[in-house]
Amino acid sequence: MTDQGTSGEIVAARELLIDCFGRIDELVGELTGDLDTQTATFRPEPEANSIAWLIWHSARVQDDHVAGVADVDQVWPKWRDRFDLPFDDFATGYGMSSEDVGKVVVDAELLAGYHHDVHEQTVNYLEKLTLAELERVVDENWDPPVTVSVRLVSVINDATQHIGQAAYLKGLAANF
């Protein structure tokens, strides 16, 4: 892609990405709407992730990665103290132990609120996307190098997997 493309191409790309991230935000809202702490922290076995951890981690990754490509501050500092988690200030969940997963015990409203703020910041960035921005390389450490478009698809993929896992756990917890 180049900026020589039609304005319709970038509009279509923006709409597609906004729709993908919007569906994730809707799913988080559905999952957290009636989520109690017992269900949010349910783990079918000690090494499993919880719904609370999956939603928190998904939001943290989206916040970290999108803020990184957008060159803006993460939303997390505005929420970090409310979460009161015993992790490094900008932890995203990568490489956390099972013990750490169990430390994510937070209110569903908090999870939904943080995720929604991350979603709003994501949409603000996506609404300004250009074709050149989608092609911009953001990580040379891969072959091929990672572009903004690849990074965004990666975030969508990660989030849909984790939110799907959270939905499965919610159903499992209801029947456990």
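Heads up: the structure comes first, above all this text.
What comes next is a walk through the structure.

1. Structural notes on the overall build of the protein chain
Okay, so step 1: Counting its secondary structure elements, the protein chain contains eight helices and two strands.
Okay, so step 2: Helices and strands appear in the protein chain in the N-to-C order α-α-α-α-α-α-α-β-β-α.
Okay, so step 3: Relative to the compact-globule value of 16 Å for 176 residues, the protein chain shows a C-alpha radius of gyration of 17 Å, a close match.
Okay, so step 4: Across its three principal directions, the C-alpha atoms of the protein chain cover 55 × 30 × 30 Å.
Okay, so step 5: Among the 176 residues that make up the protein chain, the fraction classed as buried is 46%.

2. With respect to the environment of lysine 103
Okay, so step 1: The residue lysine 103 is located in the loop between helix 5 (98–101) and helix 6 (108–126) in this model.
Okay, so step 2: Looking at lysine 103, the relative accessible area reads 34%, which means it is partly exposed.
Okay, so step 3: Sequence separation between lysine 103 and phenylalanine 87 is 16 residues; the distance between their C-alpha atoms is 9.2 Å.
Okay, so step 4: In this structure lysine 103 touches Leu85, Pro86 and Phe87, once residues within four positions along its chain are discounted.

3. Examining helix 6
Okay, so step 1: Look at helix 6: 27 Å from first C-alpha to last across 19 residues, which is about the 27 Å you get at 1.5 Å a residue.
Okay, so step 2: At the N-terminal end of helix 6, a side-chain oxygen is found 2.8 Å from the backbone nitrogen of glutamate 109, two or three residues along, and the residue is aspartate 107.

4. What to know about the nonpolar core
Within soluble globular proteins, side chains that are nonpolar generally end up buried alongside one another.
Okay, so step 1: Ranked by internal contacts, the top residues of the largest apolar core, which has 49 residues, are Trp56, Phe83, Leu134 and Leu152.
Okay, so step 2: Put simply, the parts of the chain that give this core at least two residues each are helix 1 (7–32), helix 3 (51–70), helix 6, helix 7 (131–135) and helix 8 (148–174).
Okay, so step 3: Contacts of tryptophan 56, omitting those with residues within four sequence positions, involve Trp76, Phe83, Leu85, Phe87, Ala91, Thr92, Gly93, Met96, Val104 and Leu111.

Rules used in this analysis
- Residues numbered from 1 in each chain as written.
- Predicted model: local features only at pLDDT ≥ 70, side-chain atom pairs only at ≥ 80, totals over all residues.
- Heavy atoms only, no water.
- Helix = DSSP H or I, 4+ residues; strand = E, 2+ residues; numbered from the N terminus.
- Rg over C-alpha atoms; globule rule 2.2 N^0.38 Å.
- Buried < 20%, exposed > 50% of the residue type's maximum accessible area, 1.4 Å probe, protein only.
- Contact = heavy atoms within 4.5 Å.
- Expected span 1.5 Å × (residues − 1).
- Polar contact = N/O pair within 3.5 Å; in protein donor to acceptor, adjacent residues only side chain to side chain.
- Core = buried A, V, L, I, M, F, W, Y, C linked by side-chain atoms within 4.5 Å.

Geometric descriptors of this kind do not, in isolation, establish any biological role.
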